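# Descriptive structure summary
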Amino acid sequence: MLAFPSAYSVGITSLGYQVVWSTLATRQDVDVRRLFTDQGDPPHRKCDLFGLSLSWELDGPVLLDLLEQQRIALWSHQRGEDDPIVFGGGPVLTANPEPLAPFFDVVLLGDGEDLLPTFINKLQQVRQLARVDRLRALAKIPGIYVPRFFAPRYDKDGTLLAVEPIEAGIPNAVTKQTWRGTSLSHSTVITPDAAWPDIHMVEVVRSCPELCRFCMASYLTLPFRSSSLEDGLIPAVEKGLSVTRRLGLLGPSVTQHPQFSELLHWLNQDCFDDIRLSVSSVRTATVNPELTNILSRRGSKSLTIAIESGSERLRAMVNKKLIQEEIFAAARYAREGGLSGLKLYGMVGLPTEEDIDIDATAELLLELKKTNPGLRLTLGVSTFVPKAHTPFQWQGVNPKAEKRLKQLAKQLKPKGIELRPESFGWSVIQALLSRSDRRLAPVIASVRGSQNKLGGWKKAYRSAREGDLSTTNEQALPLPPPPAWQEVVHESWQASRVLPWTHLEGPLSQEQLIQHHHQALNQSVGVAAAKR
Ligand code: SF4
C-alpha cells in the first residue's frame, strides 16, 4: 500500500509520489495499491508494506489517521510479525524524521531512484526472518534509517545529548543518498482529476546552486543536477506530449538548467503551438523576453518569481543574488511578453529583519505597479520557518512576523495589490514539526483526527510538558517532557546544540552550515554598516 497524506487530486500531482508508485508498480514481485485521504485502490487481503511519501510538514500527522483507517498499530514497536513494515520518504522525512520516527519502521533518506529498489530487494532477501531481524538487516544499508535501533539520550534538564544506535553493528549515522544519473523523473500518470488537470510533469533540475540560506530545496538536495537535454528532457517531453498537450517543467529553479534556452528554442517549434506550458520556478535574474514570449504563446497567463524581500540588505543576507533592477526588468518582460500577471513570493520574519525591511517590500510592489500598468500583481508571503540541514536551522520563528504580515496587508491591499499571506499560526506548527525530536510524537498522537485545529496543538503540547499525555504516549522508551514551546519554535539555538537530526547526514557538514550561517549574519552587518 502506498499512501499520500492528502486527497487524490493533490497526491497524484506530486511527481515524487508518482515516481515511487511507478517504481513499485513496474516490479513483478510487488503488487502496489494507492491510498489517499479521500479514495484508494481496493486494499490487499494481506498487506506487507505500507509506504508514505511526505513533502510538507503539516501533512505528517495525517499518517496516523491513515494507519488507524487501515487498522495498523500506530507505534512501530507495537507491530507484530505479520503487520506491514511502515516506511516513509520524501523531503520532510529526509530533513528531520524524528517527531514521526516512533511511527515508522523504516525511513528512506534521500533520492529514491536507487534507494527504493535496494530497500525492496533487501526485504525480499530477508522476508523469511523474524520482523526485528528484517529491520536489523535494513538498518545496515546506507540511507535506510530504522528509528527503533536509535535512542535519544538526554541530560537531567531534558537537553538532548545524542541520538545513538542501541546495538553493535548499526552505523552511528545514516547518510542521505543522492541519485547521480543523467535523467530525472517525469509523470507516469496523466489524469483530468489532478490538481493541474492532464498535466505531464518533467523534472528539469534537482536542487539549486543558489544556496539561499533558508532553502531546504537547495541545501538538502545538493549537488545541483540537471537532466540531459538529448537523453533525458526531450524524450520525456515527447513521451508526455503524445498523450496530453499540457506540460509542466519542474524543479526548484528550472531556468538554471545549463541548456534552458535550447530547451525553450525547441519548445518554440510550430508543432508545439497547441501546448500549454507552465514552469514551476523561474530565477528572477534569468527572466528574458524569449521566456515571457514563449510562456505567453503557450498559454501561460502569469509568471511567478521569488524575491524573498524588497530589502536589498535582507536579500544579500539570505544570499539571494538579485538586484532591484532585475526585479523591474522581470516585470517589464512579463508585461511586454504578453503575460497578464506577475506573482511574487516573499517572506517575513527573516533573521535580522526590521520593520523598515517590510516597508521596502511594500515600496517595491507599489513601484512595480506604477511602472507596469495593466500587469496584475500578487504577493504571496510566508513566515520564515527554520529547516533542518540549512544554515538557518539554528534561527527561530520571529514572533513579530504576524504583525508584519498585517503591516504588508495594510500597505498593499488598498492600492489594489493582491496579498496572499500564509497563516502565521500554521507556520508556527510547521516550525514545531521541523525542529522537534521524538518527544513530539505523543503530541502528534494526541491531536490525530483533529490536527487541523490550531488550538488543539497548543493544548496537547501543554499536556505533554506537564507529563499528562500518558494515554497517547506509548513510546517504547519513556522520554522526558518536550522543551518549552518558546524554545523549540522561537528561540535561536547555539551552534553547539545537539540537533534532533545530528545523526542523519545531509549533503553539507555542520561546519559548512555554520560557516554559511556566519557569512549570512556578517553580510547583514556589512551591508548595514556600508549604508550608514
Ligand atoms: S533561488 Fe530559489 S530554489 Fe534556489 S536556493 Fe534560492 S530559494 Fe532555493
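In what follows, the structure referred to is the one given above.
The following paragraphs examine the structure supplied in this document. (Residues numbered from 1 in each chain as written. Predicted model: local features only at pLDDT ≥ 70, side-chain atom pairs only at ≥ 80, totals over all residues. Heavy atoms only, no water.)

Here we come to the site of the ligand. Taken together, Cys208, Glu210, Leu211, Cys212, Phe214, Cys215, Ser218, Pro252, Glu308 and Lys320 make up all the residues around the ligand. Across the shell around the ligand, the residue classes break down as 6 nonpolar, 1 polar and 3 charged. (Near = heavy atom within 4 Å. Nonpolar A, V, L, I, M, F, W, Y, C, P; charged D, E, K, R; others polar.)

Phe50, Phe103, Val106, Phe119, Leu249, Leu267 and Leu344 are the most contacted members of the largest nonpolar core, which has 149 residues in total. Ignoring anything within four residues of it in the chain, the contact list for Leu267 reads Val237, Leu247, Leu249, Phe272, Ile275, Leu277, Ile294 and Arg298. Counting residues in each nonpolar core, the second largest holds 11 residues, with Leu314, Leu350, Phe384 and Phe392 among its members. (Core = buried A, V, L, I, M, F, W, Y, C linked by side-chain atoms within 4.5 Å. Buried < 20%, exposed > 50% of the residue type's maximum accessible area, 1.4 Å probe, protein only. Contact = heavy atoms within 4.5 Å.)

Next up on the list: the sheet that holds strand S6 (residues 144-145). Read across the sheet, 6 strands follow the order S2-S1-S3-S4-S5-S6 without closing on themselves; strand pairing throughout is mixed. In this open sheet, the two strands that pair with only one neighbour each are strand S2 (34-35) and S6. Sheet analysis places strand S1 (residues 2-3) next to S2, joined by 2 bridges and oriented parallel. The residue of S2 that forms the bridge with Ala3 is Leu35. Contacts from helix H6 (residues 131-139) reach strand S4 (85-89), strand S5 (106-108) and S6, with the element oriented near 25 degrees to S4. (Pairing = 2+ DSSP bridges. Helix = DSSP H or I, 4+ residues; strand = E, 2+ residues; numbered from the N terminus. Axes fitted to C-alpha atoms, helices over the stretch in contact; angles between N-to-C directions.)

This part takes up the packing of aromatic side chains. Counted under the stated rule, the structure contains 9 aromatic pairs. For the cation-ring pair, Arg34 lies above Trp21, with the distance from its terminal atom to the ring centre recorded as 5.2 Å. Its end group placed over the ring of Trp493, Arg497 keeps NZ or CZ at 4.0 Å from the ring centre. (Phe/Tyr/Trp six-rings, centres within 6.5 Å; stacked < 30°, edge-to-face > 60°. Lys NZ or Arg CZ within 6 Å of the ring centre and 35° of its normal.)

Note that strand S17 (residues 376-383) and strand S18 (residues 418-421) share 4 bridges and pair parallel. Bridge pairing in S18 places Gly380 opposite Arg420. Note on the crossover from S17 through helix H14 (residues 401-412) to S18: the handedness is right-handed. (Right-handed = clockwise from strand over helix to strand, strands pointing away.)

For the pair helix H5 (residues 112-125) and H6, interaxial distance at closest approach is 10 Å and the crossing angle is 145 degrees. Crossing geometry of H5 relative to H6 is assigned as right-handed. Where H5 approaches H6, its residues Phe119, Lys122 and Leu123 are matched on the opposing element by Arg134, Ala137 and Leu138. Among the residues making up the contact of H5 with H6, the classes are represented as 4 nonpolar, no polar and 2 charged. (Left-handed = near helix turned anticlockwise from the far one by under 90°.)

What follows is about the side chain of His503. Along the chain, the position of His503 falls in the loop between helix H18 (485-489) and strand S19 (504-505). On the basis of relative accessibility, which here comes to 5%, the residue His503 falls in the buried class. Apart from residues no more than four positions distant in its own chain, His503 is found in contact with Glu98, Tyr145, Phe150, Val163, Asn172, Ala173 and Val174.

Next up on the list: the pattern of salt bridges. Two side chains carrying opposite charge are able to pair once their charged atoms lie near each other. Taken as a whole and judged by the stated rule, the model has 34 salt bridges. We note a salt bridge from Asp111 to Arg206, for which the minimum N-O separation is 3.3 Å. Here the residue Asp111 occupies a position in the loop between S5 and H5, and Arg206 occupies one in strand S11 (residues 205-206), the gap between them amounting to 95 residues. You'll find Asp111 and Arg206 in the same group, each marked buried. Asp133 is paired through a salt bridge with Arg136; the nearest N and O atoms lie 2.6 Å apart. Of the two residues, Asp133 and Arg136 both sit in helix H6, 3 residues apart, roughly one turn of that helix. Overall, Asp133 belongs to the partly exposed group, its relative accessible area being 31%. Within this structure, Asp111, Glu113, Glu203, Arg206 and Arg225 form a network of salt bridges that share partners. (Salt bridge = Lys/Arg side-chain N within 4 Å of Asp/Glu carboxyl O.)

This next bit is on H5. Its 14 residues give H5 an end-to-end C-alpha distance of 19 Å, which sits within 8% of 20 Å, the value for a rise of 1.5 Å per residue. Among the residues of H5, those classed as buried are Leu115, Leu116, Phe119, Ile120 and Leu123. Across the axial projection of H5, the buried residues extend over an arc of 125 degrees, all falling on one side. Elements in contact with the buried residues of H5: helix H2 (15-25), strand S3 (49-53), S4, S5, H6 and S6. (Expected span 1.5 Å × (residues − 1). Arc of directions from axis to C-beta.)

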